[in-house]
Amino acid sequence: MTSQCTSNNWNDFNDAEQQQSGFDLIPKGSIVPVRMTLKPGGYDDPSQGWSGGYATQSFDTGSVYLAAEFVVTAGDHAKRKMWSNIGLHSQKGPTWGQMGRTFIRAALNSARNVHPQDNTPQAAAARRIQGFHELDGLEFLARVDVEKDAKGGDRNVVKLAVEPDHPDYAKFMGVPSKAPTGGGTSGAPAQLAPPTYAGTPTPSVTQQRAPVTGKPMWAQ
């Protein structure tokens, strides 16, 4: 005997939930807490410290990058996803790799509550990682941007991490404001900041990655 459930009637869809406008862009400049995960590309270069298969090499350009997915963890845009590539190496010059290093530095500062001008030993240690696996699952504040995709349409991307010197950082992360003191350092140990809005639990998010297509974000 086949059981029927009126809430899942496949002949009458009047009681089905209305479609949400999930494809609307997040406004450019929005500040959101995100969890970054890396899609392994299987490319390693031990001489560069690239191990674990996290890096990806482009067949078209030979450039190397980290294919990153960013899931918004709280707020009005919770569970929304964005995809961007973090540059590691370009055959056209050092600019792309330098931009990738700058982004990772800022993401670590944001995740670990380190002021960008803090040069204490604790801050320096917080900006070091043992490998890309430490970036996989990193939670920090990001500023949403908009750029064209391969088909000419608009899409949300993440290009900038919001660091503790930003006026809204303390509000979003639920930590005391941090400012540098004499000598360009805060003098305070680097501490892990809560990954979401103060008092707001992180919703569970199913990590479902989409294929990364097109030219890497910062390719020159």
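Whatever comes next refers back to the structure up there.
Residues numbered from 1 in each chain as written. Predicted model: local features only at pLDDT ≥ 70, side-chain atom pairs only at ≥ 80, totals over all residues. Heavy atoms only, no water.

Participant: Sorry, what's going on with the overall build of the chain here?
Facilitator: Secondary structure summary: the chain contains three helices and seven strands in total. Entry remark: accessible area of the chain is about 12700 Å², with carbon and sulfur atoms responsible for 49%. (Helix = DSSP H or I, 4+ residues; strand = E, 2+ residues; numbered from the N terminus. Areas by Shrake-Rupley, 256 points an atom, 1.4 Å probe, with all protein chains shown as cover.)

Participant: Could you clarify how one ought to interpret helix 1 (residues 95-111) in this entry?
Facilitator: Think of an α-helix as 3.6 residues a turn; residues three or four steps apart then line up on the same face. An ideal rise of 1.5 Å per residue puts 24 Å on 17 residues; helix 1 measures up with 24 Å between its terminal C-alpha atoms. All buried positions along helix 1 are accounted for by Trp96, Gly97, Gly100, Phe103, Ile104, Ala106, Ala107, Leu108, Asn109, Ser110 and Ala111. (Expected span 1.5 Å × (residues − 1). Buried < 20%, exposed > 50% of the residue type's maximum accessible area, 1.4 Å probe, protein only.)

Participant: Which parts of the structure should I look at to understand the environment of phenylalanine 132?
Facilitator: Mapped onto the fold, phenylalanine 132 is located in the loop between helix 2 (121-126) and strand 6 (138-148). Judged by its relative accessible area of 8%, phenylalanine 132 falls in the buried class. Spatially, the C-alpha atom of phenylalanine 132 lies 6.7 Å from that of tyrosine 54, the residues being 78 residues apart in sequence. When near neighbours in sequence (up to four residues on either side) are disregarded, phenylalanine 132 contacts Leu38, Trp50, Ser51, Tyr54, Leu66 and Leu88. (Contact = heavy atoms within 4.5 Å.)

Participant: Even after reading the chapter, I still don't get the pattern of salt bridges, so can you show me in this structure?
Facilitator: Side chains bearing opposite charge may pair, as long as their charged atoms lie close to each other. The tally for this structure, following the rule as stated, stands at seven salt bridges. Here glutamate 134 and arginine 112 are joined by a salt bridge, their closest N and O atoms 3.2 Å apart. One end of the pair, glutamate 134, is in the loop between helix 2 and strand 6; the other, arginine 112, is in the loop between helix 1 and helix 2, and 22 residues separate them in sequence. Classification of glutamate 134 by relative accessible area gives partly exposed; the value is 24%. With relative accessibility at 15%, the residue arginine 112 sits in the buried group. Shared partners join several salt bridges into a network, and the residues in it are Glu147, Arg155 and Lys159. (Salt bridge = Lys/Arg side-chain N within 4 Å of Asp/Glu carboxyl O.)

Participant: What exactly am I supposed to notice about the packing of aromatic side chains here?
Facilitator: Geometry of an aromatic ring pair is reported as the spacing of the ring centres plus the angle between the planes. Going through the model one piece at a time under the given rule, you end up with five aromatic pairs. For the ring pair phenylalanine 70 and phenylalanine 103, a centre distance of 6.3 Å and an interplane angle of 85 degrees mean the geometry is edge-to-face. Taken together, the residues span a long stretch of sequence, with phenylalanine 70 in strand 4 (residues 64-72) and phenylalanine 103 in helix 1 at a distance of 33 residues. As far as the burial class goes, phenylalanine 70 and phenylalanine 103 line up, both buried. What links up through ring pairs into an aromatic cluster is the set Phe70, Phe103 and Phe140. A cation sits over an aromatic face here: lysine 171 above phenylalanine 172, 5.0 Å from the ring centre. (Phe/Tyr/Trp six-rings, centres within 6.5 Å; stacked < 30°, edge-to-face > 60°. Lys NZ or Arg CZ within 6 Å of the ring centre and 35° of its normal.)

Participant: Which parts of the structure should I look at to understand the pairing of strand 6?
Facilitator: Note on strand geometry: in a regular strand, side chains alternate between the two faces of the sheet. With eight of eleven residues buried, strand 6 lies mostly within the body of the structure. Pairing between strand 1 (residues 31-39) and strand 6: six bridges, direction antiparallel. Residue pairing in the sheet places valine 34 in a bridge with phenylalanine 140 of strand 6. By the bridge criterion, seven bridges tie strand 6 to strand 7 (residues 154-161) in an arrangement that is antiparallel. Within the sheet, the bridge partner assigned to valine 146 lies in strand 7 and is asparagine 156. In sequence, strand 6 turns back onto strand 7 through a hairpin of five residues, with glycine 152 there showing a positive phi of about 90 degrees. (Pairing = 2+ DSSP bridges.)

Geometric values such as these leave the question of function open.
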